[in-house]
Amino acid sequence: MFAAPRFLAVDDKPEHLTAILETFQRLGAPCMGIQFDAAQPLEKIAFRGVRALFLDLHLITGVKTTDDKQHFANIASILEENISEIGGPFILILWTEHAQLAAALTDYLDQSLDADKPWCRPLAVMALAKEKFINVGTGATEAADELRQAVEAALDGNPQLAALIGWETDVLAAAGETLSSLTSLVPAASRTTAAFGGALDEVLSRLAVEAVGKKHVADDPRAAVTGALAPILADRIVNQDGGGPTAALWAKAVTRHGQKQLPQATPAEAGGINRMLHVAVAGPERIAPADWGAVSEVPADIWTDKALTDVLGVDIDHLLRAEFKVHRDHHALCRPRLVRIGAVCDHAQKRPGPIPFLFAVEIPGTVARLAGPDGKVVPPAAEWRSPVLTLPTVADPFVLHVNSRFEMNRPAAATGAWKAIYRLREQLLMQLIGHTAAYVGRPGIVRLP
C-alpha cells in the first residue's frame, strides 16, 4: 500500500535529518529519513525505489574527517548492501562543501563496487554543501528552493535519467487516472462510507469474471482484475500529452537515433534488450510450466530416444540434426525446451483438457547450423525463431528455435514437476502462435500447372 520513497536521506545527526525532511516537505516532495547507526543495519526495503539518495560524507564517528577512503568505503558498503536489484536508476548526492570529493568518490566507486552488482552504481554523484540549505548548528531549514534547484540541476546534467524519472511519474499519474475512472463506475447513491466498499466490490467482481470466468476468479483475484485494467493503463500511458517541457526534455535525452555513427548492438547487447522486451524470467516473476508462453526444460523422462520416439516419432539425433539442423558435434551445446502455446482464453479460464507444448531448442550464436548441398542453411518452414536472447543465467547469446510440427499435449497436473525457466511475453508469443497457426492451417490442393 505504501510506495517506496523516491527521495531518501541518511544522516547520523538527527537534527540535520529533521531539517532535510522539513526542506523536502516545503517542496511538496516526500522524503524518507534514516538516522545512521554503524551498529545497526539500514532498512533495505526503504532503498527499493530510491531515485535521489542523500548521504552525509562523514557518517562514521571516530574516523578523521580527512580520511576519505574509510568514509568512501562506508558509502560503498551502504550501496552494495541496500540498493535493490530491481529498484531502478538513482543519483547520489553527497553532503560536503568540498565539490572535488564527488569526483574522488565517483572514481572510488568505479573501482571498488562489486562488478556483479551493477545496479548499486549511481548514475551520477554530486556534492552539495549542507551549510547552504540548513543551519548545521540549530538544524533549522533555510533554503528549500535552492535545494530543489540544485537537485533539478543535477538531473538536468543527465537528461536521460531525468526523462525516465519523469516517465515514471507519468506512469503513476496514469495509474491514478485509471483508478479514478474505475471508482467513477460506483453509482452516486452508493458513494457513502457504508456502501462504497460493497459497490466497488461489485465492479471489481464483474471485471474479474469477464476476464477469467466465474469459476477461476478465486484462484487469483488480483491477476483477474489486473488483466482487465492493464490495457486501460497502457493506453493512458501511451496517449498522455507529451508536449511542451516534456517533449523538450525527451528531445535532449534521445539524440543519437539519426546519427550514422550510432553503433549496432552487439549480440550480447541485443540479447539483453530483447530479454527486457520479450522475456519474463523465473524468480522476479512467478512462472509455472503450464502458464501461457512458459518455456521449460524438457523433463529427463521425455528426453530419451525411446520416449521421444513414442511422442514424436523421431529420436534425439534426428530431431536435432535433421529438423533443427545442428551438427552432432554441437548437440551438447544446445538446450532442448518445451514452449506452452494454445488459446489465451483457455489459459485464463483454466478450461480442462490437454495443454499443447511445442518442442524447441536454444542454439547458441556460436553454433553454426547445418547447410545444404548448396552451402546455404535452409530451416524448415515449420520453424519459428526468436530474436537473439540472453538470460541472467546464460550470458552467451542464443536463439530459441521452435518447430511447429513437433507438438505434444499434457494436462496441467502432469507438468507440476517440470522446471519453467522463462516466459515469452505476449507480443513475441503471439508471433509464434500466429506462425504455428499459419503453418498447420495452410491449405493443400491438387492441381496441374
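What counts and what doesn't
- Residues numbered from 1 in each chain as written.
- Predicted model: local features only at pLDDT ≥ 70, side-chain atom pairs only at ≥ 80, totals over all residues.
- Heavy atoms only, no water.
- Pairing = 2+ DSSP bridges.
- Helix = DSSP H or I, 4+ residues; strand = E, 2+ residues; numbered from the N terminus.
- Axes fitted to C-alpha atoms, helices over the stretch in contact; angles between N-to-C directions.
- Polar contact = N/O pair within 3.5 Å; in protein donor to acceptor, adjacent residues only side chain to side chain.
- Phe/Tyr/Trp six-rings, centres within 6.5 Å; stacked < 30°, edge-to-face > 60°.
- Lys NZ or Arg CZ within 6 Å of the ring centre and 35° of its normal.

Trainee: How should the sheet that holds strand β2 (residues 31-35) be read in this particular structure?
Mentor: In a beta sheet, neighbouring strands are held together by backbone hydrogen bonds and run either parallel or antiparallel to one another. In spatial order, the strands read β2-β1-β3-β4-β5; together these 5 strands make up an open sheet with parallel pairing. Only two strands of the sheet have a single neighbouring strand rather than two, namely β2 and β5 (124-128). Here the average twist between neighbouring strands, direction ignored, is 20°. Summarising the sheet, strand β4 (residues 91-95) and β5 pair through 5 bridges and their orientation is parallel. Among the inter-strand pairings, I91 is bridged to a residue of β5, identified as A124.

Trainee: Help me out: how do you make sense of the environment of D220 in this one?
Mentor: On the secondary structure map, D220 appears in the loop between α6 (196-212) and α7 (221-238). Along the chain, D220 and A208 lie 12 residues apart, while their C-alpha atoms are 9.5 Å from each other.

Trainee: Would you mind showing me how to read the side chain of S386 here?
Mentor: With respect to the element layout, S386 can be found in the loop between β10 (383-385) and β11 (389-391). At 2.9 Å, the side chain of S386 and the backbone nitrogen of L400 are in polar contact.

Trainee: I'm lost on the packing of aromatic side chains in this one. Help?
Mentor: Aromatic ring pairs: the centre-centre distance and the angle between the two ring planes describe each pair. What the rule picks out here adds up to 3 aromatic pairs. Above the ring of F398, the side-chain terminus of R335 is found at 5.2 Å from the ring centroid.

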